[in-house]
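Spelled out, the chains give:
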Amino acid sequence: MRDHSIRDFWPLDPAITYLNHGGFGVTPREVAAVQADFRARIEANPMRFMMGEYPAAVRASAAALAAFLGAKAEDIVFTENATSGLNAVLRSLDFAPGDEIVVPTLAYGAMMKAARYVASRTGAKIVTPEIPLPLPSHQAAIDAVTAAFSPRTKLVLIDHIVSPTGFGLPVRAIADAAHAAGAQVLIDGAHAPGHIPLVMAETGGDWYVGNLHKWLFVPRACGFLWAGGAARHLIHPLAISHGYEQGLTAEFDWTGTHDPTPILCVPAAIAFHEKLGGAALMQRNAVLLREALDRVAAAFQTPLGAAPALFASMGTVGLPQRFGATDAEAAALRRTLSDAHRIEAVISAQKGQLWLRLAAQAYNEIADYERLIAVLRTL
Ligand SMILES: Cc1ncc(COP(=O)(O)O)c(C=O)c1O
């Protein structure tokens with residue numbers, strides 16, 4: 001199938017060049033149609049659906065996701081997004097004054113704030129080891145993070161794929177070292193499902209949180225939380241509701257009346273991902289992204305944000321100094337690309353220069369990135 005016809009699977013405006021699937025995924029038309037069917041079924045008799053069909057349907061979605069993630073359905077619950085799953089874990093744990101929560105630099109800003117909030121209420125301390133940028137190797141990340149561990153380390157919050165840069169982190173090695181140091185591990189996999197192959201238990205975390213509305217094609221808003229080990233009993237959803245004290249799945253399956261249709265679309269979204277190739281799609285996207293990053297780096301003689309092997313389908317490349325170096329200049333350039341050229345991409349300021357974060361999804365082709373390069377040359 002040619003890439004142009006693949007693009008027709010999504011309702012994207014044909015006039016835009018969308019290079020930020022990582023930031024906000026796009027729901028494919030056929031998954032959106034499944035969601036519309038569920039909406040119609042629910043509205044035909046809300047009482048019957050929500051009380052009669054929803055409990056089994058949410059577990060069926062958990063079973064489908066568990067199969068996709070190499071996990072057990074009883075260890076999987078749904079959240080509205082990664083933010084609420086990560087907050088649920090952070091705010092369920094008991095911290096004492098002086099306990100340390102390790103949150104490396106480049107962590108998603110909102111999660112750093114959630115950790116700060118928890119610390120401010122408990123007297124715990126946030127420790128922020130610096131992840132090198134550019135990141136030369138996984139070992140460099142392991143060295144940086146583990147050097148911050150101490151006998152007071154209680155929790156390590158580590159990204160699987162780092163948001164501002166797109167590179168992956170060796171979560172298993174970091175988790176093993178954290179456990180050896182007596183700490184627990186919360187993995188932020190907001191970008192991972194559908195982006196890189198995943199087997200939950202192999203990640204090494206006590207808890208793993210991910211988004212399904214980014215790379216797995218589930219309609220917004222849908223995330224999940226995996227809790228496969230002994231630590232599963234320690235956590236509760238942000239909203240305590242009817243399921244309280246009835247175990248993990250009962251507590252999370254009902255957190256109050258909500259729109260269940262994104263969760264109900266999980267099997268259809270996984271089927272769509274597999275229809276486009278599953279593992280082969282992820283591989284195809286990673287190859288395209290690598291080519292795109294190399295072309296930008298060659299065009300502007302700038303560095304990549306990491307050794308190339310550390311990127312999958314999202315990655316960063318530096319921009320020349322003439323574009324500036326501040327947050328304000330990054331925001332201005334992003335707006336210019338969007339408003340004047342209809343190109344959506346992420347620009348950030350880090351370590352004295354601007355970085356361009358690109359994503360590659362099935363609807364992208366190399367011409368998209370060539371267009372971006374051509375526009376950047378004119379600015
Ligand atoms: C690493 C990371 N964590 C958490 C989030 C939050 O995701 P959401 O806004 O869907 O909760 C993001 C969003 O991009 C992210 O990149």
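For the structure given in this document, a descriptive report is provided here.

Cut-offs applied
- Residues numbered from 1 in each chain as written.
- Predicted model: local features only at pLDDT ≥ 70, side-chain atom pairs only at ≥ 80, totals over all residues.
- Heavy atoms only, no water.
- Pairing = 2+ DSSP bridges.
- Helix = DSSP H or I, 4+ residues; strand = E, 2+ residues; numbered from the N terminus.
- Axes fitted to C-alpha atoms, helices over the stretch in contact; angles between N-to-C directions.
- Phe/Tyr/Trp six-rings, centres within 6.5 Å; stacked < 30°, edge-to-face > 60°.
- Buried < 20%, exposed > 50% of the residue type's maximum accessible area, 1.4 Å probe, protein only.
- Lys NZ or Arg CZ within 6 Å of the ring centre and 35° of its normal.
- Polar contact = N/O pair within 3.5 Å; in protein donor to acceptor, adjacent residues only side chain to side chain.
- Contact = heavy atoms within 4.5 Å.

Observations regarding the sheet that holds strand S9 (residues 314–318)
A sheet is described by the order of its strands in space; here three strands give the open sequence S9-S12-S11, paired in antiparallel fashion. With one partner strand each, in any of the chains shown, S9 and strand S11 (346–350) form the two edges of the open sheet. Neighbouring strand axes in the sheet, compared pairwise and without regard to direction, differ in orientation by 30° on average.

Some remarks on the packing of aromatic side chains
Taken as a whole and judged by the stated rule, the model has nine aromatic pairs. Between the aromatic rings of Phe217 and Phe272, the centroid separation amounts to 5.2 Å while the plane-to-plane angle is 85°, which identifies the pairing as edge-to-face. Of the two residues, Phe217 sits in the loop between strand S7 (207–211) and strand S8 (223–226) while Phe272 sits in helix H11 (residues 266–275), which places them 55 residues apart along the sequence. A residue is classified by how much of its surface remains accessible, and Phe217, at 1% relative accessible area, is buried. What links up through ring pairs into an aromatic cluster is the set Phe9, Trp10, Tyr18, Phe217, Phe272 and Tyr363. In this structure, Lys154 is placed above the aromatic ring of Phe95, and the distance from its NZ or CZ to the ring centre is 5.6 Å. Arg377 extends its terminal NZ or CZ atom over the ring of Phe300, reaching a point 5.9 Å from the ring centre.

Side note on the pairing of strand S6 (residues 184–189)
Extensive coverage of S6 is indicated by the burial of five of its six residues. Bridging between strand S5 (residues 153–159) and S6 involves five bridges; their strand directions are parallel. The residue of S6 that forms the bridge with Leu155 is Gln184.

Considerations on the side chain of His21
Here His21 is to be found in the loop between strand S1 (17–18) and helix H2 (29–44). A relative accessible area of 0% means that His21 is categorised as buried. Of note is the side chain of His21, whose polar atom sits 2.8 Å from the backbone oxygen of Lys214. Polar side-chain contacts of His21 include one of 2.8 Å to the side chain of Tyr363. Look past the residues within four positions of His21 in its chain and what remains in contact with it is Val26, Lys214, Trp215, Phe217, Ala359, Gln361 and Tyr363.

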